[in-house]
Amino acid sequence: GEYLLNGPNIGITTTLAGTSERAPIMFITQPNDFIYSHPYLIVLVKDYIHIYSYLDDQLKQQMPLKNCQTLINIPQRNTNTMLINTKDSIYLLESLSINQQIDQLLDTYRLQEALTLAESNCSSIEQRRTNSLILSTKKRIGLIEFNALNVFRALNLFDDINLDFHEIMIQIPNFLPLNSPWPDIDENMKSQYILWLNAFCDYMTKRSEEFSCQSDYYASLLKAYLLIKTREIIIEFLEKNASFISIDFHNLLFHNQLYHGAAILYSAHDKHEQTIDIWKKIVLKEYSNDDTFPGIWIIGKYILERNLDRSWEFSIAKWLLEQNEEELAVKIFIDKHQNESNDDLFNTNYVMNLLKPHPIALKNYLEDAVFKLMIEMNDFQQAFHVLVDELEDFDYAANYCMALSQDKSINDRKIVAHVLFDVFLASLDKHPKEITEALLCLLGNNKVEFNFIEVLKRLPSNWPISSLQTILSRAMRTCAYDERAAKLELSLNRLQNEKLNIKLAKLKRSNVTVHEYRRCKQCLKQFYETSCVIYQDGSQVHVHCAK
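Residues numbered from 1 in each chain as written. Predicted model: local features only at pLDDT ≥ 70, side-chain atom pairs only at ≥ 80, totals over all residues. Heavy atoms only, no water.

**Q** Break down the packing of helix 15 (residues 310-322) against helix 16 (residues 326-335) for me, citing the residues and quoting the values.
**A** Contact geometry for helix 15 and helix 16: axes closest at 7 Å, N-to-C directions at 155 degrees. One element, helix 15, and the other, helix 16, form an angle in the roughly antiparallel class. By crossing handedness, the relation of helix 15 to helix 16 is classed as left-handed. For the pair helix 15 and helix 16, contact is made by E313, F314, A317, K318, L320 and L321 and by E326, L328, A329, I332 and F333, respectively. Class assignment of the residues belonging to the contact of helix 15 with helix 16 gives a composition of 8 nonpolar, no polar and 3 charged. (Axes fitted to C-alpha atoms, helices over the stretch in contact; angles between N-to-C directions. Helix = DSSP H or I, 4+ residues; strand = E, 2+ residues; numbered from the N terminus. Parallel < 35°, antiparallel > 145°, perpendicular 65-115°, else oblique. Left-handed = near helix turned anticlockwise from the far one by under 90°. Contact = heavy atoms within 4.5 Å. Nonpolar A, V, L, I, M, F, W, Y, C, P; charged D, E, K, R; others polar.)

Structure follows, in C-alpha cells:
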C-alpha cells in the first residue's frame, strides 16, 4: 500500500491518501530507474547499480555496470532474481540467501543490521518469537556479544530466546570438563573470566527454577564459584546444595584447598568416615590450614546428630578425648549411652575407666549420670552411690535427699533418709572426716526424717558423745514427740470407739412395731416377715426391697 515517488536525488514514500510515514530516501546519485526486491531497493544510476536497504534507507552495495538500460524483477521462491540489460548484453543478477546475508553481517560485526534483516521476514510479532531464523540470529548475536564482553546485552538476548546454559558454558575457555580445575590465569585474562562467569552465574540463578532440574546445574555453578566467589560463599553454597553435586568433584575441591568443602560433599553423600577423616586431618595439620573449617566442635556435632556404627562413634569420642576436647567427648559418651550391657562400649563402667585420667571430664560425666538417675523411673539409691562414691559430692547428696523428702509422707521420708545414711556409712572408711561431718549435718537436719533408735544402733562406737549432743537432743525430742503423738492417737481412737459403742447400744434398745396396716415404702406391700430395714427417716422396707 505504499508507493515511491522519485525526485532529484530523493525518494519519497507515500500512500494513496498522499501521506508519508517514512523519512525520505536520499540518493547519492540521481536514479534513472529502480525496482523493489524485499528488503532492498535496487537503483539504476549512470554506470552503476546501487542497492539500498529499505530497512534503514542506507546504501549497502554498489556494482559498476556501464550502459545499463533497464531492470526487470523476476520473482522466484526464496530468492530475488533480476534481469539487467545493457546495450550489448543481458545479465542475470541473483541476491544472496537471507542466511548468507546474515552471516556476512555478523562476520563484520553489524549485529543490529543482521537482527533487523532477520526480523524483516516476519510481519507478526508473535511469529518473531518462534521464527527459527530470528532465534538463531539472536543466539549468534548473543554469543558474539558475550565473547566481546558485552555481557549485559548478551544476557538480555539469552533470556529472550531461553538459551540453555550449556551453550554459554562452551564459550568460556577451560570451563569444561566441569570436574577439572581451572588453569593458572594471568591477571589480564582473569578480569575477562570474572566478567564472563559473573554473567553466567547471574543467568543461571535468574532461571534456576528451569535449570535446576538438570543434573549438572549445581556442579556448573560450583565450577564458576571457584574462580569468582569467596571461600566462605562457596562453603555456604555447598552446605545447601552438595547433595546435588557428584562426589567426583571432591578432587576439584581438594585442588582448591577447600578441604572442609570436600568433607561437606562427602557428608551429603553419606560418606561419614571420609567426612570425619578429612576433618581429623585438618585438626592434626596434615592438610594446609583451611580457613573455612569451623573448628573441632563440628566433629562432635556430626556424631551427635547421627546414628552411626557405635564402635566407630566410640573411637571418635575417644580421639576427641585424646585431643583434650573433654567436653565434646563427654557429650558423646552421655548421648550415645543405651544400656549397661558389657557388649556396649558406652556402658558406664567402661566409660568411667576411660575417663579416670581426666578428672574434670569424669566429674561432668558422673554428674549427668546422677541427673539421669534422678529423672528416669526415680533411682535415688543408685544416684546416692554415684554422688558419694564417685563424685564425692556429699553436700549435693544431702541436698538431693532433702529435695526427695518434700511433699512425702513421714514413712517415705524415712526410707529416703536411711538409704543415704547407709551409703554414707558404707563409705565412711574411705573419707572418714568428710563423711562424718556430712552425717552429723544430715542427722541434725529437721527437714529429714529418721528412725533414731535404728540410727543410734548403727552409729560408729568410737564417735565421742560430744559430737552426738545435737543428734541425741533431736532424737530425744523426736522420740518424745512420737510417744506423745501415739498416746494422743490412742486416746482419740478410744474416744471414737466409745461413741460408736453408745450409738450401737441405743440402736439395740430401740423398738419398731410392724403390723398389718404398715406397708413397705418401696413396694407398698404388707410385711409378712419378722425382719425389716429401717431408713434414717424412720420408714420401713422389706429386706429384699432394701437390697
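**Q** Go over the UniProt feature "domain: CNH" (unreviewed entry) in the chain, please, and point to the residues and values.
**A** Summarizing the sequence annotation, UniProt attributes the feature "domain: CNH" (unreviewed entry) to residues 2-71 in the numbering used throughout. Secondary structure content for residues 2-71 is 0% helix and 56% strand, and the end C-alpha separation is 20 Å. (UniProt positions renumbered as here; feature names shortened; annotations may be inferred.)

**Q** So what's going on with the packing of helix 15 against helix 17 (residues 348-355)? Residues and values would help.
**A** Direction vectors running N to C along helix 15 and helix 17 enclose 25 degrees, while the axes themselves pass 12 Å from each other. Put simply, helix 15 runs roughly parallel to helix 17. Note on packing geometry: the crossing formed by helix 15 with helix 17 is right-handed. Contact with helix 15, carried on its side by F314, K318 and L321, involves Y350, V351, L354 and L355 of helix 17 and no other residues of that element.

**Q** Which residues make up the environment of S89, and what values do they have?
**A** Locating S89 in the fold gives a position in the loop between strand 9 (79-86) and strand 10 (90-94). Once the C-alpha coordinates of S89 and C68 are considered, the two residues, 21 residues apart in sequence, prove to be 9.2 Å apart.

**Q** Can you explain the packing of aromatic side chains? Please cite residues and give values.
**A** Taken as a whole, this structure holds 28 aromatic pairs when the rule is applied. Considering the side-chain rings of F165 and Y217, the 6.3 Å spacing of their centres and the 75 degrees angle between planes classify their relative orientation as edge-to-face. On the criterion of sequence distance, the pair formed by F165 in helix 6 (residues 165-169) and Y217 in helix 9 (residues 217-228) is long-range, its members being 52 residues apart. Neither F165 nor Y217 differs from the other in exposure class; each is buried. (Phe/Tyr/Trp six-rings, centres within 6.5 Å; stacked < 30°, edge-to-face > 60°. Buried < 20%, exposed > 50% of the residue type's maximum accessible area, 1.4 Å probe, protein only.)

**Q** Kindly report on helix 5 (residues 151-161), identifying the contributing residues and their values.
**A** The complete set of buried residues in helix 5 reads V151, A154, L155, L157, F158 and I161. Angularly, the buried residues of helix 5 cover 165 degrees about the axis, an arc narrow enough to put them on a single face. Elements that come into contact with the buried residues of helix 5 comprise helix 4 (132-147), helix 6 and helix 7 (187-206). Residue N162 follows helix 5 closely and has a positive phi angle near 55 degrees. (Arc of directions from axis to C-beta.)

**Q** Talk me through the pairing of strand 4 (residues 33-37); I want residue IDs and the actual numbers.
**A** Across 5 bridges, strand 4 lies against strand 5 (residues 40-45) in antiparallel orientation. When the sheet's bridge partners are listed, D33 is paired in strand 5 with L44. Connecting strand 4 to the antiparallel partner strand 5 that follows it, the hairpin turn spans 2 residues. (Pairing = 2+ DSSP bridges.)

**Q** Outline the nonpolar core, listing residues and values.
**A** Counting residues in hydrophobic clusters, the biggest one holds 120 residues, and the most contacted among them are F200, F384 and F424. Looking at which element gives the most residues to this core, the answer is helix 9, with 10 residues. Excluding anything up to four places from it in sequence, F384 contacts A397, Y400, C401, L404, V416, V419, L420 and V423. (Core = buried A, V, L, I, M, F, W, Y, C linked by side-chain atoms within 4.5 Å.)

**Q** With reference to specific residues and values, describe the pairing of strand 5.
**A** Counting buried positions along strand 5 gives 6 out of 6 residues, so the element sits mostly inside the fold. What you see with strand 5 is no split at all: Y40, I42 and L44 on one side and L41, V43 and V45 on the other are buried throughout. Here strand 5 runs beside strand 6 (residues 48-53); their pairing, made up of 6 bridges, is antiparallel. Considered in strand 6, the bridge of I42 is made with I51. Two successive antiparallel strands, strand 5 and strand 6, enclose a turn made up of 2 residues, where D47 displays a positive phi of approximately 65 degrees.

**Q** Could you give me a rundown of a negative patch on the surface, with the residues and numbers involved?
**A** Taken together, the side chains of E390, E392, E434 and E437 define an acidic patch exposed on the protein surface. If you trace the backbone, E390 turns up in helix 19 (residues 380-390). (Patch = residues over 30% accessible without salt bridge, like charges linked within 9 Å, V, L, I, M, F, W, Y side chains within 5 Å. Areas by Shrake-Rupley, 256 points an atom, 1.4 Å probe, with all protein chains shown as cover. Salt bridge = Lys/Arg side-chain N within 4 Å of Asp/Glu carboxyl O. Lys, Arg positive; Asp, Glu negative; His and termini not counted. Charge placed at Lys NZ, Arg CZ, Asp CG, Glu CD.)

**Q** Describe the sheet that holds strand 7 (residues 59-64), listing the residues and the values that go with them.
**A** Ordered in space as 4-5-6-7, the 4 strands form an open sheet in which the pairing is antiparallel. This sheet does not close on itself; its edge strands, each paired only once, are strand 4 and strand 7. Strand-to-strand twist of the sheet, defined as the mean angle between neighbouring strand axes without regard to direction, takes the value 20 degrees.

**Q** Can you tell me about the side chain of T13, naming the residues and giving the values?
**A** Turning to its location among the elements, T13 is positioned in strand 2 (residues 10-14). In terms of polar contacts, T13 uses its side chain to reach the side chain of Y54, at 3.0 Å. Those residues in contact with T13 that sit more than four places away from it in its chain are E2, Y3, L4, T19, S20, R22 and Y54. (Polar contact = N/O pair within 3.5 Å; in protein donor to acceptor, adjacent residues only side chain to side chain.)

**Q** Could you give an account of unusual backbone geometry, with specific residues and numbers?
**A** Between H38 and the following residue, P39, the backbone shows a cis peptide bond with an omega angle of 0 degrees. Mapped onto the secondary structure, P39 falls in the loop between strand 4 and strand 5. Geometrically, the link from L176 to P177 is a cis peptide bond, its omega value of -5 degrees lying close to zero. One can find P177 in the loop between helix 6 and helix 7. The backbone phi angle of L149 is positive, close to 70 degrees, even though this residue is not glycine. With relative accessibility at 29%, the residue L149 sits in the partly exposed group.

**Q** Kindly report on a nonpolar patch on the surface, identifying the contributing residues and their values.
**A** Together, V512, V514 and I534 give the surface a local cluster of nonpolar side chains, amounting to about 210 Å² of exposed area. Position of V514 among the secondary structure elements: in the loop between helix 24 (469-509) and strand 11 (533-534).

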